[in-house]
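Spelled out, the chains give:
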Amino acid sequence: MAAMFGVSNFAVTTVTSASSNEARLRTIALYRKFQKSVPEIMKLHEINLPSSAIRAKIREQFEQHRYVEDLQVRDILLAKGQMEYQETMNVWKQNNHIMNYFAKDEAEAKPTTFLEKFYEGRS
């Protein structure tokens, strides 16, 4: 008999927020769920970064959309956030997908002037 995989692990149905306060509470719940799962995420994906860096990146992702006022947009962002959580916890994302969030921070500055490009080997 074939092994049964829990495809619906961590799945949540999409909900339309009735008020701004309800959307805020759902956002805080999702944020807490992400933060509480950091040790497990680190173990599942074998991430060699301090947990504080991962927690800071999660906060940064939530802070990007902090001032969104439209309830429909908030609901879409919450659904996408829940999908990200489900994909991460079910290991549907690979290590490189998670590390892409940190690539912008670690990327070296690209040469801008002619001489910098020349020294780099790209003229």
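Preceding this paragraph is the structure being described.
Residues numbered from 1 in each chain as written. Predicted model: local features only at pLDDT ≥ 70, side-chain atom pairs only at ≥ 80, totals over all residues. Heavy atoms only, no water.

Draft legend 1. Up close: the nonpolar core. With 13 residues, the main nonpolar core has Leu30, Phe34, Ile47, Leu49, Ile54, Ile58 and Tyr85 as its most contacted residues. Sorting the residues of this core by element identifies helix H1 (20-36), helix H2 (38-45), helix H3 (51-63), helix H4 (71-89) and helix H5 (95-106) as the ones contributing at least two each. For this core, the element with the highest residue contribution is H4, accounting for three residues. Beyond its immediate stretch of four places on either side in the chain, isoleucine 58 contacts Tyr31, Phe34, Gln35 and Val38. (Core = buried A, V, L, I, M, F, W, Y, C linked by side-chain atoms within 4.5 Å. Buried < 20%, exposed > 50% of the residue type's maximum accessible area, 1.4 Å probe, protein only. Helix = DSSP H or I, 4+ residues; strand = E, 2+ residues; numbered from the N terminus. Contact = heavy atoms within 4.5 Å.)

Draft legend 2. Structural detail: the packing of aromatic side chains. Evaluated as defined, the whole model comprises five aromatic pairs. Taken together, a centroid distance of 5.2 Å and an interplanar angle of 80 degrees make the contact between tyrosine 31 and phenylalanine 62 edge-to-face. In this pair, tyrosine 31 is assigned in helix H1 and phenylalanine 62 in helix H3, connecting sequence segments 31 residues apart. Among the aromatic residues, those joined into a ring-pair cluster are Tyr31, Phe34, Phe62 and Tyr85. (Phe/Tyr/Trp six-rings, centres within 6.5 Å; stacked < 30°, edge-to-face > 60°.)

Draft legend 3. Region of interest: H4. The terminal C-alpha atoms of H4, which comprises 19 residues, lie 27 Å apart, in line with the 27 Å expected from a rise of 1.5 Å per residue. Buried within H4 are the following residues: Arg74, Asp75, Leu78, Ala79, Gly81, Gln82, Tyr85, Gln86, Thr88 and Met89. Looking one or two residues beyond H4, the residue adopting positive phi is valine 91, at roughly 55 degrees. (Expected span 1.5 Å × (residues − 1).)

Draft legend 4. Unusual backbone geometry, seen in detail. Within the chain, glutamate 46 stands out as a residue other than glycine whose phi angle is a positive 50 degrees. Position of glutamate 46 relative to the elements: it lies in the loop between H2 and H3.

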